[in-house]
Amino acid sequence: MIRLHVKGDIKAAAPVAPTLDQSRYLTQVMRLKLGDELLVFNGRDGEWRCTIAEVLKKGVILRAEEQVRPQTLGPDLELIVAVVKKARVETIVEKAAELGARRVRLVLTKRTNADRIRLDRLDAIAEEAAEQTGRMDVPPVDDPIKLDALLDGWEAGRRLMFCDETGGAPAGSALREAGEGPWSILIGPEGGFSPEEGERLRSLPFTTAVSLGPRILRADTAAIAAMTLWQAAVGDWER
Ligand code: SAH
């Protein structure tokens, strides 16, 4: 069944208004008609079976019929990725939503070759991936910030899986040893981290420097591999 993410509240028997683009998708692409059903979620109220109640020029109005799943949230995994080429950032955001990251943060490092970031486009990619993957929330994508500022403002109790192609502990066993809890994964730019950045990262008390194997991976591959290992070691794949 079609799944749609909306911004507004969802309550029993109340109307739900998708955007005009979503309305067009429902009626023109998917050819839904009055009374047809779909699933709707907003990241707060769980997943609802809705019906098409009205088809208007300014969009369709849905009616929330019943909650079919309560709201849930995946494990506290954040993906932090250096700004890389636009197509790769787009892949990374899509895969982060599929692999269950709660949030994606973009970071500027010494060697980032900043392609212009279009956050609205990345938000749309995250939303679409969340809709198709069945999760109950859409991971927000944050505006790029400098690596130093990000580290200066580090949240107490959160651990950092620093993916370090210059060497580190094997990721799977290092994660299992460090254990469950809020984690962030950090992936560098195509040029890697500078020696000073690497040094600062390794010296921080909340950091676990890990290796993703003997081959150098592109940033998008590294992000997917790291999230996979994290989910298998300390995330929700084994629960
Ligand atoms: N500096 C490298 C390329 C960096 S790859 C070079 O040009 O030789 C981009 C990012 O992916 C790295 O900063 C790192 O975070 C991650 N990465 C790639 N391969 C990795 C590996 N084998 N182990 C750990 N991290 C890796």
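Parameters at a glance
- Residues numbered from 1 in each chain as written.
- Predicted model: local features only at pLDDT ≥ 70, side-chain atom pairs only at ≥ 80, totals over all residues.
- Heavy atoms only, no water.
- Pairing = 2+ DSSP bridges.
- Helix = DSSP H or I, 4+ residues; strand = E, 2+ residues; numbered from the N terminus.
- Contact = heavy atoms within 4.5 Å.
- Axes fitted to C-alpha atoms, helices over the stretch in contact; angles between N-to-C directions.
- Phe/Tyr/Trp six-rings, centres within 6.5 Å; stacked < 30°, edge-to-face > 60°.
- UniProt positions renumbered as here; feature names shortened; annotations may be inferred.

Some remarks on the sheet that holds strand β6 (residues 77-82)
If you trace the seven strands from one edge of the open sheet to the other, you get β8-β7-β6-β11-β9-β12-β10, paired in parallel fashion. Looking at the sheet topology across the chains shown, the edges are occupied by β8 (141-146) and β10 (169-170). Taken strand by strand, helix α6 (residues 195-203) contacts β9 (159-163), β11 (183-187) and β12 (207-211), and its axis lies near 145 degrees from that of β9. Packing against the sheet, helix α7 (residues 219-234) makes contact with β6, β9 and β11, and its axis sits at approximately 155 degrees to β11.

Details of the packing of aromatic side chains
Within this structure, the stated rule accounts for two aromatic pairs. Here the aromatic rings of Trp 154 and Phe 206 are separated by 4.8 Å at their centres, their planes lie at 5 degrees, and the arrangement is stacked. Taken together, the residues span a long stretch of sequence, with Trp 154 in the loop between α4 (147-152) and β9 and Phe 206 in the loop between α6 and β12 at a distance of 52 residues. With centroids separated by 5.4 Å and ring planes inclined at 80 degrees, the aromatic side chains of Phe 162 and Phe 193 adopt a geometry described as edge-to-face. Here Phe 193 lies in the loop between β11 and α6 and Phe 162 lies in strand β9, a separation of 31 residues in the sequence.

Thoughts on the UniProt feature "domain: Ribosomal RNA small subunit methyltransferase E PUA-like" (unreviewed entry) in the protein
This chain's UniProt record puts "domain: Ribosomal RNA small subunit methyltransferase E PUA-like" (unreviewed entry) on residues 21-63. For the annotated span residues 21-63, helix accounts for 21% and strand for 47% of the residues, and the straight-line distance between the end C-alpha atoms is 18 Å.

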